[in-house]
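Structural overview
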Amino acid sequence: MDKASAGADPAYSFSPRRLTLRRGGFLAITNKSHEVHALVTVPDAGIVTSVLDLKERQVIQFPQTGTYTVRGAAGAVLRVTVAGESGCRAPVPTLTFTGENTISPAKLSVTATENFTVVNESGTSQTVMCTPDPGGNRDNSRLDDGETQVLAIDKPGRYTCASLQHPRANATITVNGR
């Protein structure tokens, strides 16, 4: 999401404004502005409403064919056409909230920048926070019940990811170098 200026009033936009993906493909959106923004996809692509923090990169997977509208700040609009078969599925590995105080597996290893999914099957909303903060931006991903989000940690190290609502629901993620 780029910040551009139209006269004295700032305007926000996506670049490019239109794109086509194969079914199962991923779209990475990076906030290059100086403000936090909410993102919404219509129809829902599985992000419900997501908050894009300063300098944050979020990945959205489009598992179904169709035309999607991604809306951001101040009317910024991205049109995404999803077509064809790609054979892509949700990334493996996966962390799953299965109850208020349960996440499995308890330990996960990934390679730096490798996508992994977080699935909320707990029956209640969960907000996932990892420490140390991998992006340095206090990024917390909120997942409604039944929601799946794709995450990636770019910096090698050992992280503890937990639910803010249920701190005993936590997992250790080891991120290895590429």
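Data block above holds the structure.
As a starting point, this report considers the structure included with it. (Residues numbered from 1 in each chain as written. Predicted model: local features only at pLDDT ≥ 70, side-chain atom pairs only at ≥ 80, totals over all residues. Heavy atoms only, no water.)

Helices and strands together make up the secondary structure of the protein, namely 0 helices and 18 strands. Taking all 178 residues of the protein together, 42% fall into the buried category. On the protein, roughly 9300 Å² of surface is accessible, and the fraction owed to carbon and sulfur atoms is 50%. (Helix = DSSP H or I, 4+ residues; strand = E, 2+ residues; numbered from the N terminus. Buried < 20%, exposed > 50% of the residue type's maximum accessible area, 1.4 Å probe, protein only. Areas by Shrake-Rupley, 256 points an atom, 1.4 Å probe, with all protein chains shown as cover.)

Glancing now at the pairing of strand β18 (residues 170-176). The sheet contact formed by strand β12 (residues 107-111) and β18 spans 5 bridges and is parallel. Looking at the pairing, Thr111 lines up with Asn176 of β18. As paired strands, strand β17 (residues 157-163) and β18 are joined by 6 bridges and run antiparallel to one another. By the bridge assignment for β18, Arg158 is matched with Thr174. (Pairing = 2+ DSSP bridges.)

Note the cis peptide between Ser15 and Pro16, where omega equals 0°. You can see Pro16 is positioned in the loop between β2 (9-13) and β3 (18-22). In this structure, Pro132 follows Thr131 across a cis peptide bond, with omega equal to -5°. Here Pro132 is to be found in the loop between β14 (126-131) and β15 (140-143).

Glancing now at the side chain of Gln149. Within the secondary structure, Gln149 is located in strand β16 (residues 148-151). Reaching out from Gln149, the side chain makes a polar contact with the side chain of Glu147 at a distance of 3.1 Å. Ignoring sequence-local partners within four residues, the contact set of Gln149 consists of Phe116, Thr117, Val118, Ser141, Arg142 and Leu143. (Polar contact = N/O pair within 3.5 Å; in protein donor to acceptor, adjacent residues only side chain to side chain. Contact = heavy atoms within 4.5 Å.)

Our next topic: the nonpolar core. The biggest cluster of nonpolar side chains holds 19 residues, and the ones touching the most others in it are Leu95, Phe116, Val118, Val128, Ile173 and Val175. Elements represented by at least two residues in this core include exactly β10 (94-99), β12, β13 (116-120), β14, β17 and β18. Looking at this core, the element that brings in the most residues is β18, giving 3 residues. Every residue in contact with Val175, bar those within four places of it in the chain, is listed here: Val110, Thr111, Ala112, Ile153, Lys155, Pro156, Gly157 and Tyr159. (Core = buried A, V, L, I, M, F, W, Y, C linked by side-chain atoms within 4.5 Å.)

With respect to the element layout, Thr96 can be found in strand β10. Under the relative-accessibility criterion, Thr96 is labelled buried at 14%. Residues in contact with Thr96, not counting those within four places in the same chain, are Thr102, Ile103, Ser104, Val119 and Glu121.

A few words on a nonpolar patch on the surface. On the surface, Val36, Val51 and Leu54 cluster together into a nonpolar patch covering about 230 Å² of accessible area. By the secondary structure assignment, Val36 is in the loop between β4 (26-30) and β5 (37-42). (Patch = residues over 30% accessible without salt bridge, like charges linked within 9 Å, V, L, I, M, F, W, Y side chains within 5 Å. Salt bridge = Lys/Arg side-chain N within 4 Å of Asp/Glu carboxyl O.)

Moving on: the environment of Asp44. Among the structural elements, Asp44 can be located in the loop between β5 and β6 (49-52). Along the primary structure Asp44 and Tyr68 are separated by 24 residues, whereas in three dimensions their C-alpha atoms are 8.0 Å apart.

Below, the discussion takes up the environment of Gly72. Relative to the assigned elements, Gly72 resides in the loop between β8 (66-71) and β9 (77-83). Residue Gly72 is classed as buried on the basis of its relative accessible area of 17%. The sequence separation of Gly72 and His37 amounts to 35 residues, and the corresponding C-alpha distance is 6.4 Å.

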